Amino acid sequence: MKFGKEYSSQMLPEWKEAYLDYRYLKTLLKDILRFKRKEEEEKGQTQQKALVRDLTLYRSFSGLHKRNSDFKNPNGVGDIEDQFIVVKEVKGANSNVKYETKFVIPSEDASEQEVVFFDRLDYEFSKVDKFYKDKVEEVMNEVAVLNKQMDALIALRIKVENPSLDMSGAVRDLVADVASLATSTVSNPSTPRMPRKEQMLVIQETGTANEKDLEDSNKGVDVDKIDGANDNFKPAPLEILEHVKINNEPETPKSTIKAMLHKDSKDTKLKFNRKQLKNAEEQLKQVFIEFHWKLRQLKHYGFMNLLALSKVMKKYDKITLRGASKSYLRAVDNSYIGSSDEITTILERVEATFVKHFCNSDRRKGMKSLRPTAKKGKHKTTFLLGYFAGGTTALLVALVLVINARKLVNKEGRTQYMENIFPLYSLFAYIILHMLMYAVNIYFWRCYRVNYPFIFGFKQGTELGYREVFLLSAGLTLLSLAGVLANLDMEMEPGTQKYQTITELVPLGLVTLVLAIAFCPFNIVYRSGRFFFIKSIWRCICAPFYKVTLIDFFLADQLTSQVQAFRSLEFYICYYGWGEFTQRQNSCRQSAVYNSFYFIVAVLPYWSRLLQCLRRWVEEKDVSQAFNGLKYLLTIIAVLMRTAFDLKKGTSWRVVAGVSSAVAAIMNTYWDIVKDWGLLQRHSKNPWLRDKLVISHNSVYFIAMVLDVILRLAWLQSVLNFHVTFLHRTALTTIVACLEILRRGMWNFFRLENEHLNNVGKFRAFKSVPLPFSYYDEESSGKDEDSSKDD
């Protein structure tokens, strides 16, 4: 693989704008190469004319000696000195360091292309160096915060393991003595934690059976020389606990309700119990994992940019035959990004701290958490995907052949089948289609380097790829088609036309199997992905009692496109609960309870989304969330009116349903295109789109906008009451519901693309995990800053 492609593929997507623009610099080098070739051609023609003239003179004056010294190397490589340029540091605005290149040999006139190249190279180099320096400063600030968090955690461990300890002088001396013993022994999980003042950069390692592993992690770091480690070593004082409180954010419906009812009496005091300690440890453990990931990415950022600079200068020397790379790379080595080693040191300290305090000095376990291996594609997944896809194709062909051979479309039981069995199996069609669209989304997100795992908040290495999602959808399709064929065969065979109980329970058995797999606690069928999905569903159900994250409202939006699936689930309950399923009959539409829930079920996804918008409006003080909530309120009214028209009919209901649906459709379409996708910006670089796009063909965005408008009007079928002669009414409703799922799949790609570009614009590439402790002095200083801002 060429370096350019490898360099682009290894970029952190959210930091793309901060990397060295290697592609553009190569373009400038190509301009220099073209200029050199043209110049050489002109020189060659001049030299050829001079050669002809010399030969003529030679023939005229045959008595003269041949002068070889007149013919010199046209390139003059030997005359060029090693130092062709000088790179200097220049203080810019806000004390920012910039680099400027000057040509120092007057006899060598640099071409205009070379001047442009070095101007751009200086700009890129200064940009990279400044970005790296700013990020290192952020990291150092985070190190200071994590030091204080570790102080509080160790003090809390001491207090929990030894509740009788107080802060008298004798006990304080005892704590110091015990802390000195911690340098020779490592506590087991069951033994009391010993007090120490742990610093991220100053960690007193302990001698144990795993001492060799810990020494390996500290290789290359002289602990004695860092901030006077041995001189300043002190045990973690328990007085810290007097200035610390727990960040008790409402993360459950119960805690949220309690916080709402008792705003002035939040329970943030330390209770010194094991549950509180365990929660703090788990929270701080996640903080360390994310911080370590950030350090690794920052280190890789520095390495890749230094390598790109080296490659660019070597290509320049190769093209121009000058010795400029030595001078420029010397300046690179002396720059901050080239000489700084803080990130390497902090990485080693973080790993040692994490291994010791969160993995009981088990380095293998700790590094497995800090450096999760990338999930590799398995041949088993590919094989099963092909097997299920082949089986699905065979069943589809068999289904078509059976329907045509037996002429089931014209059978008397056609209407009975469409009203009773078809709604049962249509549930699987909605789920499978949505899964297929999600797999397609993943494929294109990866193609265009949209960082969907970070945006959704997936744990590293647990996100499903498009092959895994295709595999799940293919397996579910195979089971569903097998059930459909089984029910068709039961209807055709004379011995099974009585619709016996065991034959009619096939759809219910499939639903039960799917739910059993979804909630299965064993580590099979992508357990981490299943539990993440179930947890997100629960947060949507419990809105607004959870803080709304992107995955919460994104999933709630998916549920709004599955209204017919929820109604199918309601039909399952009715059909198998009080319907006469053994005779393939139901009277659900005649039930007042069923009709009431027919309204409720259709509104629930939109209601959940409305509550999420209200919560975000209250917390974030963002007026746009209020308008977003209004959009969902109008949609709820439109759905209720359409459902009422569907059940009661009548001209008045049709008018009300049409007007409300039109208003909701207009607002939803506007919000899709302008707010969610960020398009239709009049003054953007790309007319009527937006400044940044991941797809190079602008026509794709215009086609998507047109399709979104068309598919948004699918509700016309329910209001205008379209009739297709060869389609049953239930089948037409299913097709319209599938069109909405297709629209949602298209919406998903552009919605996440817009979110990704927002993250890129803010260089937001890492998940922020809340800290378990806060200091009273920090809280007061924060309030002072807020008040000053208000002033």
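Residues numbered from 1 in each chain as written. Predicted model: local features only at pLDDT ≥ 70, side-chain atom pairs only at ≥ 80, totals over all residues. Heavy atoms only, no water.

Secondary structure assignment for the protein yields 28 helices and 4 strands. Evaluated residue by residue, the protein yields a buried proportion of 43% over its 791 residues. Relative to all contacts within the protein whose residues are 6 or more apart in sequence, the contacts with residues 24 or more apart total 75%. Of the roughly 43,500 Å² that the protein leaves accessible, carbon and sulfur atoms contribute 58%. (Helix = DSSP H or I, 4+ residues; strand = E, 2+ residues; numbered from the N terminus. Buried < 20%, exposed > 50% of the residue type's maximum accessible area, 1.4 Å probe, protein only. Contact = heavy atoms within 4.5 Å. Areas by Shrake-Rupley, 256 points an atom, 1.4 Å probe, with all protein chains shown as cover.)

What follows concerns the state of the cysteines. Going through the model one piece at a time under the given rule, you end up with 1 disulfide. Between the sulfur of C574 and that of C588 lies a disulfide, 1.9 Å long from S to S. Here C574 and C588 share a disulfide; its torsion about the S-S bond, -110 degrees, makes the bridge left-handed. Separated by 14 residues along the polypeptide, C574 in helix α21 (residues 563-577) and C588 in the loop between α21 and α22 (592-620) bring together distant segments of the chain. Each member of the pair, C574 as well as C588, is classed as buried. Here C540 is not disulfide-linked; the sulfur of C542 is the nearest cysteine sulfur, at 9.5 Å. Assessed through its relative accessible area of 2%, C540 is described here as buried. Judged by its relative accessible area of 10%, C542 falls in the buried class. (Disulfide = S-S within 2.5 Å.)

Our focus in this paragraph is the side chain of K285. Considering the arrangement of structural elements, one finds K285 in helix α7 (residues 274-320). The charged side chain of K285 is buried without a salt bridge, its nearest counter-charge being E282 at 5.1 Å. (Lys, Arg positive; Asp, Glu negative; His and termini not counted. Salt bridge = Lys/Arg side-chain N within 4 Å of Asp/Glu carboxyl O.)

With that settled, the discussion passes to the pattern of salt bridges. A full pass over the atoms with the stated rule returns 29 salt bridges. Here R584 ties to E504 by a salt bridge, and the two come within 2.9 Å at their closest N and O atoms. In this pair, R584 is assigned in the loop between α21 and α22 and E504 in helix α17 (residues 501-504), connecting sequence segments 80 residues apart. Within this structure, D672, D708, R712, E740 and R743 form a network of salt bridges that share partners.

This brings us to the packing of helix α14 (residues 422-447) against helix α18 (residues 506-518). Put simply, α14 and α18 touch, their axes get as near as 9 Å, and they point 30 degrees apart. The pairing of α14 with α18 is recorded here as roughly parallel in orientation. Considering the relative orientation of α14 and α18, their crossing is left-handed. Each of L424, Y425, L427 and F428 in α14 lies in contact with α18, whose residues at this interface are V506, P507, L510, V511 and V514. Along the lines of polarity and charge, the residues of the contact of α14 with α18 split into 9 nonpolar, no polar and no charged. (Axes fitted to C-alpha atoms, helices over the stretch in contact; angles between N-to-C directions. Parallel < 35°, antiparallel > 145°, perpendicular 65-115°, else oblique. Left-handed = near helix turned anticlockwise from the far one by under 90°. Nonpolar A, V, L, I, M, F, W, Y, C, P; charged D, E, K, R; others polar.)

Now for the environment of I240. Following the sequence through the fold, I240 ends up in the loop between α5 (211-217) and β3 (244-246). Overall, the relative accessible area of 12% leaves I240 in the buried class. Taking the C-alpha atoms as reference points, I240 and L153, separated by 87 residues in sequence, lie 9.7 Å from one another. Leaving out residues up to four positions away in the same chain, I240 has contacts with D151, A152 and Y775.

With that settled, consider the packing of aromatic side chains. For the coordinates displayed, the defined rule picks out 41 aromatic pairs. Against the face of Y775 rests K148, its NZ or CZ located 4.4 Å from the ring centre. Cation over ring: R157 sits above F358, and NZ or CZ is 5.9 Å from the ring centre. (Phe/Tyr/Trp six-rings, centres within 6.5 Å; stacked < 30°, edge-to-face > 60°. Lys NZ or Arg CZ within 6 Å of the ring centre and 35° of its normal.)

Bringing a nonpolar patch on the surface into the picture now. There is a patch of nonpolar side chains on the surface, built from L614, W617, V623, F627, L630, L633 and I637 and spanning about 600 Å² of accessible area. When contributions to the nonpolar patch are tallied by element, the ones reaching two or more residues are α22 and α23 (623-648). It is α23 that contributes the most residues to the nonpolar patch, 5 residues altogether. Looking at where L630 falls in the secondary structure, it is placed in helix α23. Judged by its relative accessible area of 37%, L630 is partly exposed. (Patch = residues over 30% accessible without salt bridge, like charges linked within 9 Å, V, L, I, M, F, W, Y side chains within 5 Å.)

With that settled, the discussion passes to α7. Between its terminal C-alpha atoms α7 stretches 69 Å, which fits the 69 Å expected from 47 residues at 1.5 Å a residue. Remark: L321 follows α7 within two positions and exhibits a positive phi of approximately 60 degrees. (Expected span 1.5 Å × (residues − 1).)

Next up on the list: the environment of N96. In this fold, N96 is placed in the loop between β1 (85-91) and β2 (97-103). Here the alpha-carbon distance between N96 and D129, two residues 33 residues apart in the chain, equals 9.8 Å. Apart from the residues within four sequence positions on either side, N96 is in contact with V90, K91 and K130.

Attention shifts here to unusual backbone geometry. With an omega of 10 degrees, the peptide bond between A543 and P544 qualifies as cis. Topologically, P544 is positioned in the loop between α19 (527-541) and α20 (550-560). One non-glycine residue, R449, adopts positive backbone phi at about 55 degrees. By the element assignment, R449 lies in the loop between α14 and α15 (452-456). Unlike most non-glycine residues, V525 shows phi in positive territory, near 50 degrees. One can find V525 in the loop between α18 and α19.

All right, on to a positive patch on the surface then. Judged by side-chain charge, K2, K5, K30, K311, K314, K315 and K318 come together as a positively charged surface patch. Residue contributions to the positive patch peak at 4 residues, all from α7. Along the chain, K30 falls in helix α2 (residues 22-60). You can call K30 partly exposed: its relative accessible area is 48%. (Charge placed at Lys NZ, Arg CZ, Asp CG, Glu CD.)

To continue, consider the confidence of the model for the protein. Per-residue confidence for the protein gives a mean pLDDT of 80, with 79% of residues at or over 70. Within the protein, the lowest mean pLDDT, 41, falls on α5, and the highest, 95, falls on α14. Between residues 167-235, whose pLDDT stays under 50, and residues either more than four places distant or in other chains, the model counts 121 contacts. (pLDDT = per-residue confidence, 0-100.)

Moving on, we get to the environment of Y526. In this fold, Y526 is placed in the loop between α18 and α19. By relative accessible area, Y526 is classed as partly exposed at 27%. Sequence-wise, Y526 and L464 are 62 residues apart; in three dimensions their C-alpha atoms are separated by 8.2 Å. In this structure, Y526 is in contact with T381, L464, E468, L471 and L472, ignoring residues within four places of it in sequence.

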